[in-house]
Amino acid sequence: SSETSYVSFTAQNNLSLSDNVNVNANSSLNFRAIAGAMTIAGGTYSSETSLVNFTAQNNLSLSDNVNVNANTSLNFTSNDDMTVTGGTYSSETSLVSFTAQNNLSLSDNVNVNANTSLDFTSYGDMTVTGGTYSSATALVSFTAQNNLSLSDNVSVNAQNSLVFTTNTSDITVTGGTYTSSNASILFRAANNLNLSGNMMFSARNGTEFRAAGGSITIAGGRYSFGSGNVTFNAPDTSVSSDATVRAARTTAQSILISDGKTLDIGTGVLEAATITGGILKATLSDAAKTAPMITATAANVTLALDMSDVSRDEVTLYHITDGTGFSFAGYDTNKFAVSASVFNVNEARAVGPLRGWTGGDLYILRLLSSGKAAIRVLRNKGFFITGNEEKAIAALEDDVVDMLSPFHKAAARNIITLLDASPGNPVWLKQLLREVTPEASPSASSTATANAGAVMNIVGGRMGGGSSSTDKGRSGGDYTAGAASVWAQGLYNKADLHKADGFDSDSTGFAAGFEYNVNDSVKAGVGYAYTNTDIDTARSKTDVDTHTFFTYGEYKPDNFYVNGVLSYGHSRYDETTRLAGLQSDYRANTFAGQVMAGYAVNDIVTPEAGLRYTSVRQRSYIDALGAKMASKTLDTWTWVGGVKAAKSFRSGNTTITPDAKLALTYDFRRDSQNRTVTLANCSSYVAEAKT
C-alpha cells in the first residue's frame, strides 16, 4: 500500500498474482508484463483517488477471486487473448474497459460496474457466456472484430445505449437479459445475426437487430421486449423454428417462416414488406379495433388468430391485415362466428366457416364459452354428458375466471387453452371435461371407510380368541411380558368399484398396539396404524396418507365374548388429474366404532356378528380451479357377520395358531355423498355423487 502516491508492479516477462494479495494505492495503481503474460488468480486491488491499469504483452487471465476498484478509470489491456472467468471490477466515477488484441472471453462469475461508459473490445472473437455488466450513467458496448457470442446467463444494464457490434463477422445470441433505461439496444452484425433461446429486452427507445451483410435467423425461442418496439433490420429475417416475439411493434423487411413453423406476435403489431410461408399467430386485442395488426403482403402464410377475448354480446369489427396473401387457420365454429361481411347476433349461427378470405377486416362474435363449445362438440359426436359436467363448466366462464386468484386463474386459462386446442379430438375433450368436474366417484369416502374397516379387522383378530395366558402370543409381531403385550402387524387393503366413474385403490401400511390382560376375562388395548393409499380413477390419481389411533377392549367370561373398537383417523389427500395435471389437496377425519359378539362353538369354530359405524368428515377446500367444495359428513352403518376358525399346535414351549376368517358386511344405512360447489362469483351448484 501507498498512503499518498501510486503503486506499480512491472515484470519484463510474466507477472502472476494470487489469492491473498491486497494492494491499495492513494493515486494510480499499475500492473505491467512487458514481454509476457499476466495471470491474476485472486486478490484485492484498489486506488482511492485515481485509475487502475492491467497491461499484458501476451495473454491476460483474471479469475473468480479478483476484486478491483478504481476511483477513476479501470483498464485491462492484452496484446493477445484475455480470459475473465470471474471477479468483481468497478469504477466509482469513470469508465471501465477490457481490450484484447486477439480473443476476449467472459464467464458466469464476472461482475463489472462502471460509473460512466463500460467498453469491451476484441480484435478477434468475443465470447460472453455469463456475467453481470452495468453502467450507472452512460453506455455499454461490446465490439468484436470477428464473431460475438452471448449466452443464457448474461445480464447487461446501461443507463444510455447498449451496443453490440461485429466489424467483419456474425453475432450469435442464445439468451440473456438486456436493459437500456433511457436509450436503445442495438445489435449490429457485419454479416449474419443469429437468435435462439429465451431473452428479455427493455429499452426506452426500442431494440434493433441489424445484419448489414447477411440475414437475421430466429431459430426458435421466446423474445420479450415488454412495451417497447423491436426492429429486425436485414434484407431477410428467417424463422427456422417456433418463436414467440412479445413487443408493442415489430418491424422487419422480409420475413421467411419455415414450413410448419410458427411466429407468434401476441397482441403486438407487425410491419413488414413481405411475409412468406409458415404460420403467423396473433392474439386479438382492443388495438385491432382501430388499426391493422399486420401490415404486409403475404405468400403462403396461414394466420392463426387467438380470439379468446372476443365479445359474446356484440359483433365486433377487427382490422386484421393491411395486405393480402393470407389464409385463415381452422377454428371452432361452435365457439366463434367469423365473417368478412357484416352480420348481426341473430344471424351468427348461420354464418358458417370463413371461406375465401386472404386479408383485411373481419367481423367476429364469440358464440359459446370454451366449456359450452366442448359440450356441443361432444354431443354432436354422440358422447354422453353427465349433469355434473354440464354444471361444472360454469367454472370456465369469464365472469368466474376474472374473479380468481392468479394461481387459480392460470389453471383455468390453461384448461381453456387446452379445450380450444382440441375441438377435433373428442376423447381429449371428454377427459378435460371430466377433470374440470369435481370427483363424482365415492373414492375418498369409500377408501376412508375401507381403511377404517381394515384396522377394525386387524384389531378384531386379536380378540374373540380369549384372554388366557395361553393366548397371549398371537403373532410373530408380539412381545409379551406378564399380562402385557406389545404387537405389530402389516396391513394391506384393496378396494374396487367396477362401474362408470368407479375407482381402484390399494392401501399398505402397518398397525401396532399395546394391550393388557386385566384378568382372565378382560383385556384392553390402544394402538396406532399408518396407511398409504393410491386411488386411481378415470379422472385422477390420488395419494392418501392416513394416521389412525384406536382403542379396544374385550370381555370373555367363557365361550361367549363381546368386544369393541373405537378409532380416529386423519387423512391427507393429494390429487392430480391425469391430462391437465390439476392439483388439489384436502383433508378428512374418520371416526369409527364397532361392537362384536360371538360364541366359541368348540375349540376351532367361532361365529360372530356385530354392528359397525363409520363417519367420514371431509373438510371444505378450494380445488385447483378455485371452486369451494363444501364440507361433508358421510355416515355409514354396517352389519358385520362371519365365522372364524383357529387351531393351536404346541411344540415344546412354542404354540402356533393358524386362523382363518370369513365375513360378510352390509351397509344398511349410508348418507348421500352430494356436495355443494361454490364458484368465485358466488354462484353454486350441487355435485351429485355416483353411488
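Placed above this text is the structure.
Description of the structure in this document. None of the values given here were measured: they were computed from a predicted structure.

What counts, and where the lines are drawn
Residues numbered from 1 in each chain as written. Predicted model: local features only at pLDDT ≥ 70, side-chain atom pairs only at ≥ 80, totals over all residues. Heavy atoms only, no water. Buried < 20%, exposed > 50% of the residue type's maximum accessible area, 1.4 Å probe, protein only. Helix = DSSP H or I, 4+ residues; strand = E, 2+ residues; numbered from the N terminus. Pairing = 2+ DSSP bridges. Contact = heavy atoms within 4.5 Å. Expected span 1.5 Å × (residues − 1). Arc of directions from axis to C-beta. Polar contact = N/O pair within 3.5 Å; in protein donor to acceptor, adjacent residues only side chain to side chain. Axes fitted to C-alpha atoms, helices over the stretch in contact; angles between N-to-C directions. Parallel < 35°, antiparallel > 145°, perpendicular 65-115°, else oblique. Left-handed = near helix turned anticlockwise from the far one by under 90°. Nonpolar A, V, L, I, M, F, W, Y, C, P; charged D, E, K, R; others polar.

1. Let's talk about the pairing of strand 4 (residues 29-33)
Taking every second residue as pointing to the same face, the buried face of strand 4 carries Leu 29, Phe 31 and Ala 33, while none of Asn 30 and Arg 32 on the other face is buried. Strand direction decides the pairing type here: strand 1 (residues 7-11) and strand 4, joined by 5 bridges, are parallel. Its bridge partner being in strand 4, Thr 10 is matched across the sheet by Arg 32. Inspection of the sheet shows strand 4 paired to strand 6 (residues 52-56) by 5 bridges, in the parallel sense. Within the sheet, the bridge partner assigned to Phe 31 lies in strand 6 and is Phe 54.

2. Examining helix 1 (residues 370-380)
Taken residue by residue, helix 1 has Ser 370, Gly 371, Ala 373, Ala 374, Ile 375, Val 377 and Leu 378 as its buried positions. On its buried face, helix 1 is in contact with strand 37 (361-366), helix 2 (387-392), helix 4 (406-420) and helix 5 (426-436). The first or second residue beyond helix 1 is Gly 382, which carries a positive phi of 90°.

3. Quick word on helix 4
Given a rise of 1.5 Å per residue, 15 residues ought to cover 21 Å, and the 21 Å separating the end C-alpha atoms of helix 4 matches this to within 8%. Three or more residues of helix 4 are buried, namely His 408, Ala 411, Ala 412, Ile 415, Ile 416, Leu 418 and Leu 419. In an axial view of helix 4, the angular spread of the buried residues amounts to 165°, which keeps them on one side of the axis. Facing away from the buried side of helix 4, by more than 90 degrees, are the exposed residues Pro 406 and Phe 407.

4. Points about the side chain of Glu 208
Along the chain, Glu 208 turns up in strand 22 (residues 207-211). Since its relative accessible area comes to 15%, Glu 208 is described here as buried. Reaching out from Glu 208, the side chain makes a polar contact with the side chain of Arg 210 at a distance of 3.1 Å. Polar side-chain contacts of Glu 208 include one of 2.9 Å to the side chain of Asn 233. Aside from chain neighbours lying at most four places away, what touches Glu 208 is Ile 185, Leu 186, Phe 187, Thr 231 and Asn 233.

5. As for the pairing of strand 21 (residues 198-203)
Residues Met 199, Phe 201 and Ala 203 of strand 21 are buried on one face, while the alternating residues Asn 198, Met 200 and Ser 202, pointing to the opposite face, are not. Direction of pairing for strand 18 (residues 176-180) relative to strand 21: parallel, over a ladder of 5 bridges. Across the sheet, Ser 180 pairs through a bridge with Ala 203, a residue of strand 21. As paired strands, strand 21 and strand 23 (residues 216-224) are joined by 3 bridges and run parallel to one another. Pairing of Met 200 across the sheet is with Ser 224, part of strand 23.

6. Brief notes about the sheet that holds strand 51 (residues 659-670)
The strand order across the open sheet built from 10 strands is 38-39-40-41-42-43-44-45-48-51, with neighbouring strands paired in antiparallel fashion. In this open sheet, the two strands that pair with only one neighbour each are strand 38 (479-481) and strand 51. Looking at each pair of strands side by side, their axes are set apart by 20° on average, direction ignored. Here strand 44 (residues 583-599) runs beside strand 45 (residues 605-618); their pairing, made up of 11 bridges, is antiparallel. Looking at the pairing, Ala 588 lines up with Gln 618 of strand 45.

7. Some points on the sheet that holds strand 33 (residues 316-319)
One open sheet accounts for 3 strands, arranged 33-37-36; its pairing is antiparallel. Looking along the sheet, the strands with just one partner apiece sit at the ends: strand 33 and strand 36 (336-339). Sheet twist, expressed as the mean angle between neighbouring strand axes with direction ignored, is 30°. Bridge analysis of strand 36 against strand 37 gives 4 bridges, and the strand direction is antiparallel. Directly across from Val 338, in strand 37, lies its bridge partner Ile 364.

8. Structural notes on the packing of helix 1 against helix 5
The geometry of helix 1 relative to helix 5 is characterised by a closest axis approach of 10 Å and an angle of 130° between their N-to-C directions. Regarding the angle of helix 1 to helix 5, the classification is oblique. Crossing angle aside, the handedness with which helix 1 passes helix 5 is left-handed. Between helix 1 and helix 5, the contacting residues are Ala 374, Ile 375, Val 377 and Leu 378 on the first element and Pro 426, Leu 429, Lys 430 and Leu 433 on the second. For the contact of helix 1 with helix 5, the per-class residue count stands at 7 nonpolar, no polar and 1 charged.

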